[in-house]
Amino acid sequence: MVRLCCFGFLVSAMLLLNACEDNNKGSAVPVSPQATSPEATSILTTAPVATVESSTRIKLQSLNFAEHNSAGGRILKEWKAVDVPQAPFQVMYQLEDVGVNATFANLSEEERKQLTDRIRVDGNVEWKVTESTNATNQINIQFHHASTSFVLYVGDLPAVTFIRKEPVSLAFSPSADRDVPHLILWAQEYAPRLLIPERESSVELVFSVEMRGDLPTSMGGVPVAAKWVDAKHLLVQLDNMRAGENGKQELYLRMDNLRDVSGNRLGVGRESLLVQHVPPTTWHYVQSGEIAGGGPRDPFYDQLVVSNDKQSYVGVVRLGGSMGDGDGTSYAFILEQKGKAPVVIENVFYSTIEPDNQPIHWMDDKTLIYASYYGVYAYDIEKREKRTLHEADPQEAHNINYASYDRARGLLHLLTYENRHETSQLERLTFSSGDPMPQRTQAYTTTVLIAKYTELDMTITPTPDGTYWTRIQNSIPYTDYESNSGAKFTAKGIVRLVTEQGVYLQQFEKGEFQLEPLGWTLWQPGQTAKKIASLSVDSYIFASGTDLVSKQDDRYVIYDLPRNKWVPWQPANGEKTAEPVRGKDGLYRSSVEPIVKQ
């Protein structure tokens, strides 16, 4: 249950910045921030003689610059020796740490020592030269906690002035004569994206500063149809879009070559933009067919999570699955309130805990709650503030298996690993409102594998009348129900949906390596569970409102309890193209038919 993210575009930068410090068996020569010494000054002003400094450029093979911080990094410049300028030049950087890597041909140990001893830096910055016993022909210089300008001198190479800059930013430029719904999500490794209605044939991007005039390309480096309206406004024609997920057409804009007039660039992780065309859709409640949401950006969302007073809702955008061996999904969360601009709560949140088939929930009408392996978080929609309710330790020994909030009793229940590196045993933590110390139940239960790298998320399902708790017995899940009056009942299976007619339990049997799905039952505590009509074993069944739904071939079917059979699902308003959406709100999304001009 560990998420192993692969930041492909950062690999080169991280290798450049960290290889000599962390991986090579070498020594570091630290140098504290200080003014230029008279000795160093004399080295650079003395008439040229046959020294290693005067031959630095002759032996230079490559010169590379990179930057990074705790969130990532990137290459700033990669030059072969012939590309290095003859005159002093500038390097714009944005992050706290900067690295310089120079490689040489036939540089002896003595020559390297002489060169590194005479490297000079002007400016208030921490720096050091890292040396490797395995790379005589390399010199690496690391600058830490940089916050201003500083100058680097290396042999007879030109002086390099590093200048700290705020990143260039961009935004969607609205049309002068009409309001175009749009949404920009800075989705990191899933690609920053701009969502717009599919009727739009072009988009205009506005930059925070004047740009040089370079044009973006496709992912493969092919020019796209774009032009600069002026030094800040870039008009992109949405030609040659390709098919993406969920019926979207998309155009990838690679913008790492764009620079402002000073040479500065877009921020790390923001040097590309995936423009996505979104078909028009509307959201409805399953039972009544009434409109849900109602905002201009609703077609952009894959799920709506509506507050009880229906004054606010969260639009959920599915960004993609785990980028490693984990079992979660990454989403963006956007707060929508009538008459107000949208608020992006999370550009990317890796969700692994989804009670009621929803990655985010309302604690009350003013507070949201969401969770993953790593922590449980609350968001105050009035203060626009996120706070941490509980966070796992950085070593991930006590990752969170499940989190559930009991609105009726004001309790937060967590199941956390006692030591995930050694056991699948879970303890239960129960937090009362206003009490920072939880009630702790050790050895509460265990969990079991449900897929190769995925352990079963045990469930805790509070209701006004009692609470359903899932535990493992004989290596398979069982559910205990404890009513408010103290009555206790147990049935085989794990809770997936609670309705007035009963509780739908998913059944499993023990397989050779992991649990194997076995079917579903309906259970009323105190009565015998009844098997419901089965579908194919590999069918994906989900809860939408108070119904069980599954997609079979090109249609949706719904479980009909009185007849104990699966029947075709029909939208309340009889739309030709519609789909039920998972989640306790019980919503469906329908396509808007295009208007054909006569």
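Shown above is the structure to which this text applies.
Asker: Where do I start with the overall build of the chain in this structure?
Answerer: Along the backbone of the chain there are four helices and 48 strands. For the chain, buried positions account for 51% of its 598 residues. Of the contacts made within the chain by residues no fewer than 6 positions apart, 53% connect residues no fewer than 24 positions apart. Looking at the chain as shown, the accessible area adds up to about 29,000 Å², and 48% of this sits on carbon and sulfur atoms.

Asker: Please clarify how the sheet that holds strand E43 (residues 541-544) should be interpreted in this entry.
Answerer: Pairing within the open sheet is antiparallel, and its four strands lie in the order E43-E44-E45-E46. Each edge of the open sheet is held by one strand with a lone partner, namely E43 and strand E46 (565-568). Within the sheet, the average angular offset between the axes of one strand and its neighbour, ignoring direction, is 40°. Inspection of the sheet shows E43 paired to strand E44 (residues 547-552) by four bridges, in the antiparallel sense. Bridge pairing links Ile-541 to Ser-550 in E44.

Asker: So what exactly am I meant to see when it comes to helix H4 (residues 109-117) here?
Answerer: For an α-helix, 3.6 residues make a turn, and residues three or four places apart therefore share a direction. Arg-112, Leu-115 and Thr-116 are the residues of H4 that are buried. When H4 is viewed along its axis, its buried side chains cluster within an angular range of 95° and face the same direction.

Asker: Please clarify how the nonpolar core should be interpreted in this entry.
Answerer: The tendency in soluble globular proteins is for nonpolar side chains to be buried as a group. Ranked by size, the top nonpolar core spans 30 residues in total, and within it Phe-65, Ile-141, Phe-143, Leu-152 and Phe-162 carry the most contacts. Breaking this core down by element, the ones donating at least two residues are strand E2 (60-69), strand E3 (72-80), strand E4 (89-93), strand E5 (97-104), strand E7 (126-132), strand E8 (138-144), strand E9 (150-153) and strand E10 (160-164). For Phe-143, the residues in contact, after removing those within four places along its chain, are Glu-96, Asp-97, Val-98, Val-100, Val-121, Val-125, Glu-126, Trp-127, Phe-150 and Leu-152. Ala-371, Ile-400, Ile-476 and Tyr-478 belong to the second-largest nonpolar core, a separate cluster that totals 28 residues.

Asker: Could you clarify how one ought to interpret the pattern of salt bridges in this entry?
Answerer: Note that side chains of opposite charge can pair when their charged atoms are close. Counted under the stated rule, the structure contains 22 salt bridges. Arg-112 is paired through a salt bridge with Glu-109; the nearest N and O atoms lie 3.1 Å apart. On the criterion of helical spacing, the pair formed by Arg-112 and Glu-109 is a turn pair, its members being three residues apart in helix H4. Classification of Arg-112 by relative accessible area gives buried; the value is 4%. Here Arg-178 makes a salt bridge to Glu-200, at a shortest N to O gap of 2.7 Å. Within this pair, whereas Arg-178 is found in the loop between strand E11 (170-172) and strand E12 (183-185), its partner Glu-200 is found in the loop between strand E13 (193-197) and strand E14 (202-207), the two being separated by 22 residues in sequence. A network of salt bridges, in which partner residues are shared, links Glu-67, Arg-74, Arg-265 and Glu-271.

Asker: Explain the packing of aromatic side chains to me, please; I cannot follow it from the model alone.
Answerer: Describing an aromatic ring pair means giving the distance of the ring centres and the angle of the ring planes. Tallied over the entire structure, the rule returns 25 aromatic pairs. Between Phe-333 and Tyr-370, the ring centres sit 5.3 Å apart and the planes meet at 70°, which makes this aromatic pair edge-to-face. Taken together, the residues span a long stretch of sequence, with Phe-333 in strand E23 (residues 329-337) and Tyr-370 in strand E26 (residues 367-372) at a distance of 37 residues. With respect to class, Phe-333 is no different from Tyr-370; both count as buried. For the ring pair Trp-569 and Tyr-588, a centre distance of 5.6 Å and an interplane angle of 70° mean the geometry is edge-to-face. One end of the pair, Trp-569, is in the loop between E46 and strand E47 (578-581); the other, Tyr-588, is in strand E48 (residues 587-591), with 19 residues separating them in the sequence. In this arrangement the basic side chain of Lys-310 is found over the ring face of Tyr-285, its NZ or CZ atom lying 4.4 Å from the centre.

Asker: I'm lost on the sheet that holds E48 in this one. Help?
Answerer: By definition, the strands of a sheet pair up through backbone hydrogen bonds, in either a parallel or an antiparallel sense. Pairing within the open sheet is antiparallel, and its three strands lie in the order E20-E48-E47. Each edge of the sheet is formed by a strand with only one pairing partner; in this case those strands are strand E20 (281-285) and E47. Within this sheet the neighbouring strands show an average axis-to-axis angle of 25°, counted without direction. Note: E20 against E48, five bridges, orientation antiparallel. Looking across to E48, one finds that Tyr-285 is bridged to Leu-587.

Asker: I would appreciate a short explanation of the side chain of Asp-560 in the present structure.
Answerer: When you line up the elements, Asp-560 lands in strand E45 (residues 555-560). The exposure class assigned to Asp-560 is buried, which follows from its relative accessible area of 17%.

Asker: So what exactly am I meant to see when it comes to the side chain of His-277 here?
Answerer: Here His-277 lies in strand E19 (residues 272-278). Residue His-277 is classed as buried on the basis of its relative accessible area, which comes to 10%. A distance of 2.5 Å separates the side chain of His-277 from the backbone oxygen of Glu-200, its partner in a polar contact. Filtering out sequence-adjacent residues up to four positions away, His-277 remains in contact with Ile-196, Pro-197, Glu-198, Glu-200, Leu-238, Met-241, Lys-248 and Gln-249.

Asker: Where do I start with the environment of Val-168 in this structure?
Answerer: Within the secondary structure layout, Val-168 lies in the loop between E10 and E11. Residue Val-168 is classed as buried on the basis of its relative accessible area, which comes to 5%. In this structure the C-alpha to C-alpha distance between Val-168 and Arg-259, which are 91 residues apart in sequence, comes to 8.3 Å. Residues contacting Val-168, with those up to four places away along its chain left out, are Gln-94, Phe-207, Ser-208, Val-209, Met-211, Asp-260, Asn-264, Arg-265, Leu-266 and Gly-267.

What counts, and where the lines are drawn
Residues numbered from 1 in each chain as written. Predicted model: local features only at pLDDT ≥ 70, side-chain atom pairs only at ≥ 80, totals over all residues. Heavy atoms only, no water. Helix = DSSP H or I, 4+ residues; strand = E, 2+ residues; numbered from the N terminus. Buried < 20%, exposed > 50% of the residue type's maximum accessible area, 1.4 Å probe, protein only. Contact = heavy atoms within 4.5 Å. Areas by Shrake-Rupley, 256 points an atom, 1.4 Å probe, with all protein chains shown as cover. Pairing = 2+ DSSP bridges. Axes fitted to C-alpha atoms, helices over the stretch in contact; angles between N-to-C directions. Arc of directions from axis to C-beta. Core = buried A, V, L, I, M, F, W, Y, C linked by side-chain atoms within 4.5 Å. Salt bridge = Lys/Arg side-chain N within 4 Å of Asp/Glu carboxyl O. Phe/Tyr/Trp six-rings, centres within 6.5 Å; stacked < 30°, edge-to-face > 60°. Lys NZ or Arg CZ within 6 Å of the ring centre and 35° of its normal. Polar contact = N/O pair within 3.5 Å; in protein donor to acceptor, adjacent residues only side chain to side chain.

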